[in-house]
Amino acid sequence: MTSSAPLQPGHSDRAEREVMPSGTPINLHLPKAGSGIANLYDINDGGACVIRRGRMEVSVGDVVEIEVAEYDTRLMEQAMEEGRKIQGVVRWCRLGQNNSRIGVSFVGSETERRNFVAFTKMARAGLSD
């Protein structure tokens, strides 16, 4: 299952995103409210949709950091350390009292973005073994 999402800031074309398995945990570092656990809904090398229970203190344009929260330590032998986290810019927000969703466009080099996506997918696969 996929959804459309902007590939990169400033681009009008759309790229397919891969919907992540339920409960793909991340640490979400917000500029106004510190860190908290959230989940990835979908991802590609351009960005991701993040879901969190409750209301997030975040605005369009904020820079956030996403870090893979759970992974099989065996993966660290196969993946680079920098693949565990990435910064992004909030492009849209749907903030509710019970659940909030934000769209994040990743920043950094193409290699950094691809490493993060690959690490995230490997981490999730390793947890389901």
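Presented here is an overview of the structure given in this document. Just so we're clear, the structure is a prediction, and the values are computed from it rather than from any experiment.

A few words now on the overall build of the chain. Across its full length, the chain carries one helix and seven strands. Start at the N end of the chain and walk to the C end: the helices and strands fall as β-β-β-β-β-β-β-α. Across the 129 residues that make up the chain, the buried fraction comes to 40%. At a minimum sequence separation of 6, the contacts of the chain that also span at least 24 residues come to 60%. Element-wise, carbon and sulfur atoms account for 46% of the exposed surface of the chain, whose accessible area totals about 6,900 Å².

With that settled, the discussion passes to the side chain of Arg52. Along the chain, Arg52 turns up in strand S4 (residues 47-53). Summary of buried charges: Arg52 has no salt-bridge partner, and the nearest side chain of opposite charge, Glu57, is 9.1 Å away. Apart from the residues within four sequence positions on either side, Arg52 is in contact with Leu30, Ser35, Gly36, Ile37, Ala38, Asn98, Asn99 and Ser100.

On inspection of all chains with the given rule, the structure shows one aromatic pair. Just above the ring of Trp92 sits the side chain of Arg94; from NZ or CZ to the centre is 4.4 Å. Sitting over the ring of Tyr41, Arg101 keeps its end group 5.0 Å from the ring centre.

On to the pattern of salt bridges, then. Inspection of the entire model under this criterion finds three salt bridges. A salt bridge links Lys32 to Asp62; the nearest nitrogen and oxygen atoms lie 3.5 Å apart. Residue Lys32 is located in the loop between strand S2 (14-30) and strand S3 (34-44), and its partner Asp62 is located in the loop between S4 and strand S5 (63-68); the two are separated by 30 residues in the primary sequence. We classify Asp62 as buried; its relative accessible area is 13%. Here Asp45 and Arg114 are joined by a salt bridge, their closest N and O atoms 3.3 Å apart.

What counts and how
Along each chain, numbering runs from 1 in the same order as the chain's sequence is written. Local features in this predicted model are restricted to residues whose pLDDT is 70 or higher, and side-chain atom pairs enter the listing and the counts only when it is 80 or higher, whereas totals over whole chains, interfaces and linings include all residues. Neither water nor hydrogens contribute to the side-chain values; these are computed over all heavy atoms in the structure. Only DSSP runs of H or I reaching four residues or more are called helices, and only runs of E reaching two or more are called strands; each is numbered from the N terminus. Whether a residue is buried, partly exposed or exposed follows from its accessible area with a 1.4 Å probe, protein chains only, as a fraction of its type maximum: under 20%, in between, or over 50%, in that order. Contact between two residues is taken to exist if any of their heavy atoms lie within 4.5 Å; hydrogens are not considered. Here the Shrake-Rupley method, with its probe set to 1.4 Å, supplies the accessible areas, and only the displayed protein chains count as covering residues. For the purpose of counting charges, residues Lys and Arg are taken to be positive, whereas Asp and Glu are taken to be negative. His and the chain ends are not included. We define a salt bridge as a side-chain nitrogen of Lys or Arg found within 4 Å of a carboxyl oxygen belonging to Asp or Glu. Only Phe, Tyr and Trp rings are paired, with Trp represented by its six-membered ring, and only when their centres lie within 6.5 Å; those with planes under 30 degrees apart are stacked, over 60 edge-to-face, the remainder tilted. In this scheme, Lys NZ or Arg CZ marks a charge over a ring once it lies within 6 Å of the ring centre and within 35 degrees of the ring normal.

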